Amino acid sequence: MTTTLTRSTGELQRATRATYAAFIWSGVAMASWATRIPQVRDELGLEPSQLGLVLLAIAGGSITSLVLSGQLVARLGSRRTVTAMAALLTVALSGVGAGYHLGVAPVVAGLFLFGFANGAWDVAMNVQGAVVEQGLGRSIMPRFHAGYSVGTVGGALVGAAAVALHVPVTLHLILIAVAAGASTAFMVRRFIPDGPAEQSGTAQGGTLRFWTETRTLLVGVFVLAFAFAEGAGIDWISIAVIDDHQAPAAVGSLVFAVFLSAMTAGRWFGPALLDRYGRVAVVRILAAISLVGLLLFVFGPSTPVAFAGALLWGTGASLGFPVGMSAASDDPKFAAPRVSVVASIGYCAFLGGPPLIGFLGDHVSVARALIAVAVVLGVAALVAGAIRPLPQVES
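The numbers attached to residues start from 1 for each chain and follow its sequence in the written order. Residue-level local features of this predicted model are given only where pLDDT is at least 70; pairs of side-chain atoms are given and counted only at 80 or more, and the full residue set underlies all totals for whole chains, interfaces and linings. The basis for the side-chain values is all heavy atoms of the structure; hydrogens and waters are excluded.

S.K.: Whenever I open this one, the overall build of the protein chain confuses me. Can you help?
M.R.: Of regular secondary structure, the protein chain possesses 17 helices and zero strands. Taken over C-alpha atoms, the radius of gyration comes to 19 Å for the protein chain, in line with the 21 Å a tight globule of 395 residues would show. With the C-alpha coordinates aligned to their principal axes, the bounding extent of the protein chain is approximately 55 × 40 × 35 Å. Only protein chains enter the accessibility calculation, which uses a 1.4 Å probe. A residue is then buried if its area is under 20% of the maximum for its type, exposed if over 50%, and partly exposed in between. The 395 residues of the protein chain split such that 59% are buried. It only takes one pair of heavy atoms within 4.5 Å for two residues to be counted as in contact. Sequence separation of at least 24 residues holds for 86% of the intrachain contacts in the protein chain that already meet a minimum separation of 6. Secondary structure elements follow DSSP: runs of H or I no shorter than four residues count as helices, runs of E no shorter than two count as strands, and numbering proceeds from the N terminus. It is over C-alpha atoms that the radius of gyration is taken, and the globule rule equals 2.2 Å times the number of residues to the power 0.38.

Have a look at this one:
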């Protein structure tokens, strides 16, 4: 950690703001797409199972990217990686917005590239977050992820307004893509070098050995479970409210915004709970809270109950992903490759989740299909012991 600790306070503050910006704009882009899924579905005339397969393109792009991201970040550094992915995301999301009138193929292609950009961007900004966290000497990773959630809330609210005001999907997504890409590329110039990984050289050409570490794999499964709970909400809450509660599209977007707002609050205030009670106890309690909210959302008799369920579901799902990233980064020398492995496993939730929920939705309903989330929350509680902090390491 020598490189990071000798950084000036000003450099660390600028890097902190830049890291927040990377997380926030990533969230804005993802939520903006999510709020327009119902309109894209209707334009393409997709059944739930077909929509699930289309959404699979995002996960496919992300997994492809994540497998490569350990070496990519090691070679380019987090700053250049995020800059390149911001440019790719601009092209991809604009392509989805412009191409969905033409058929499924342009949407699938655009979503694959969108997922690819998001995957490498995700690993790179988490590595930078770990470098900043170590330089500051205090826990801040969950708050970076709160920044992502702030971005998703902002993107969801703008999306809900765009739906209510009948703003064309094409115009909405292109404007968001350009704003996210340009703003992120400007801000990440203030990133600081990824010193520990670069100095050790372990991230280059040595990523495969981290796939054999039991703790790293269990942390990956933990992240996968919470990513499934989070991703199912992002992909399907609006549609479940619209289809199962016969609510207007704008109401579906508002329930989605409540879910994201709850995740944001959990991530912002969560560090105090983690410091006081420890990672394992906190995430197990949150898994139970998320389960209660999920059951209210699925079985609640009215839209107001669905709002309450989404609130508890989002609160309970809030800390799983960032705590998993912190656990993967406990040893700063190996943060990049371990984050790559954990993120790769976690993103399998986005690979398998959409088609699973879509398939079940064809046979029961989208809301009832979300019961599958309860199973993975139980898995998260069982393997949570793996996220205990490592003993202090010299770096």
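Now that the structure is up, let's keep going.
S.K.: Please explain the environment of L113 as it appears in this structure.
M.R.: On the secondary structure map, L113 appears in helix 5 (residues 104–136). Along the primary structure L113 and L68 are separated by 45 residues, whereas in three dimensions their C-alpha atoms are 14 Å apart. Non-local contacts of L113, meaning those with residues more than four positions away in its chain, are made with L88 and A92.

S.K.: Could you clarify how one ought to interpret the nonpolar core in this entry?
M.R.: When a protein is soluble and globular, its nonpolar side chains tend to lie buried together. With 121 residues, the main nonpolar core has W33, F114, F297, W313, L370 and V373 as its most contacted residues. Apart from residues lying up to four places away in sequence, F297 is in contact with I237, A240, V241, H245, V255, A306, G309, A310, W313 and L370. In this description, a nonpolar core means a group of buried Ala, Val, Leu, Ile, Met, Phe, Trp, Tyr and Cys residues linked to one another through side-chain atoms lying within 4.5 Å.

S.K.: What is the right way to read the packing of helix 9 (residues 214–244) against helix 14 (residues 335–346) from this model?
M.R.: Two measures define how a pair of helices packs: the angle their axes make with one another and the distance between the axes. To get an axis, a line is fitted to the C-alpha atoms, and for a helix only the part in contact is used. The angle between two axes follows their N-to-C directions and goes from 0 to 180 degrees. For the pair helix 9 and helix 14, interaxial distance at closest approach is 7 Å and the crossing angle is 40°. Of the possible angle classes, the one that applies to helix 9 and helix 14 is oblique. Judged by the twist between their axes, the crossing of helix 9 over helix 14 is right-handed. Seen from helix 9, the contacting residues are T216, L217, V219, G220, V221, V223, L224 and A227; seen from helix 14, they are R338, V341, V342, I345 and G346. In terms of residue class, the contact of helix 9 with helix 14 is made up of nine nonpolar, three polar and one charged. For classification, angles of less than 35 degrees are called roughly parallel, those exceeding 145 degrees roughly antiparallel, those between 65 and 115 degrees roughly perpendicular, and all remaining angles oblique. Each crossing gets its hand from how the near helix is turned against the far one by less than a right angle, where anticlockwise is left-handed and clockwise is right-handed. Only Asp, Glu, Lys and Arg are considered charged, only Ala, Val, Leu, Ile, Met, Phe, Trp, Tyr, Cys and Pro nonpolar, and every remaining residue, Gly among them, polar.

S.K.: Would you mind showing me how to read the packing of helix 2 (residues 9–35) against helix 3 (residues 37–44) here?
M.R.: Contact geometry of helix 2 with helix 3 gives a least axis separation of 4 Å together with a crossing angle of 45°. When the interaxial angle is binned, helix 2 and helix 3 end up oblique. Across the interface between the two elements, W33, A34 and T35 of helix 2 pack against I37, P38, Q39 and V40 of helix 3. For the contact of helix 2 with helix 3, a count of residues per class yields five nonpolar, two polar and no charged.

S.K.: Would you explain the environment of G77 in this entry?
M.R.: The topology assignment puts G77 in helix 4 (residues 48–99). Take G77: its relative accessible area is 7%, and that puts it in the buried class. Separated by 50 residues in sequence, G77 and V127 have C-alpha atoms that sit 9.3 Å apart.

S.K.: How do you make sense of the pattern of salt bridges when you look at a structure like this?
M.R.: A side chain with one charge may pair with a side chain of the opposite charge, provided their charged atoms come close. By salt bridge we mean one thing: a side-chain nitrogen of Lys or Arg within 4 Å of a carboxyl oxygen of Asp or Glu. As enumerated under the stated definition, the model contains six salt bridges in all. The partner of R215 in a salt bridge is D330, with the nearest N and O atoms 3.0 Å apart. Taken together, the positions of R215 in helix 9 and D330 in the loop between helix 13 (320–328) and helix 14 put the pair 115 residues apart, joining distant regions of the chain. According to the relative accessible area criterion, D330 is partly exposed, its value standing at 22%. Overlapping salt bridges bring together R41, D42 and D243 as one network.

S.K.: Looking at this structure, how should I read a positive patch on the surface?
M.R.: Put simply, a patch holds well-exposed residues, over 30% relative accessible area, that have no salt bridge, with like charges counted together within 9 Å and Val, Leu, Ile, Met, Phe, Trp or Tyr side chains within 5 Å. The accessible surface values rely on the Shrake-Rupley method and a 1.4 Å probe; as for residues, cover is taken only from the protein chains in view. Charge convention: Lys and Arg are scored as positive, Asp and Glu as negative, and His as well as the terminal groups of each chain are ignored. In plain terms, the charge of a residue is placed at NZ if it is Lys, CZ if Arg, CG if Asp and CD if Glu. Together, R14, R17, R189 and R190 make up a region of like positive charge exposed at the surface. Inspection of the secondary structure assignment puts R190 in the loop between helix 7 (169–187) and helix 8 (195–200).

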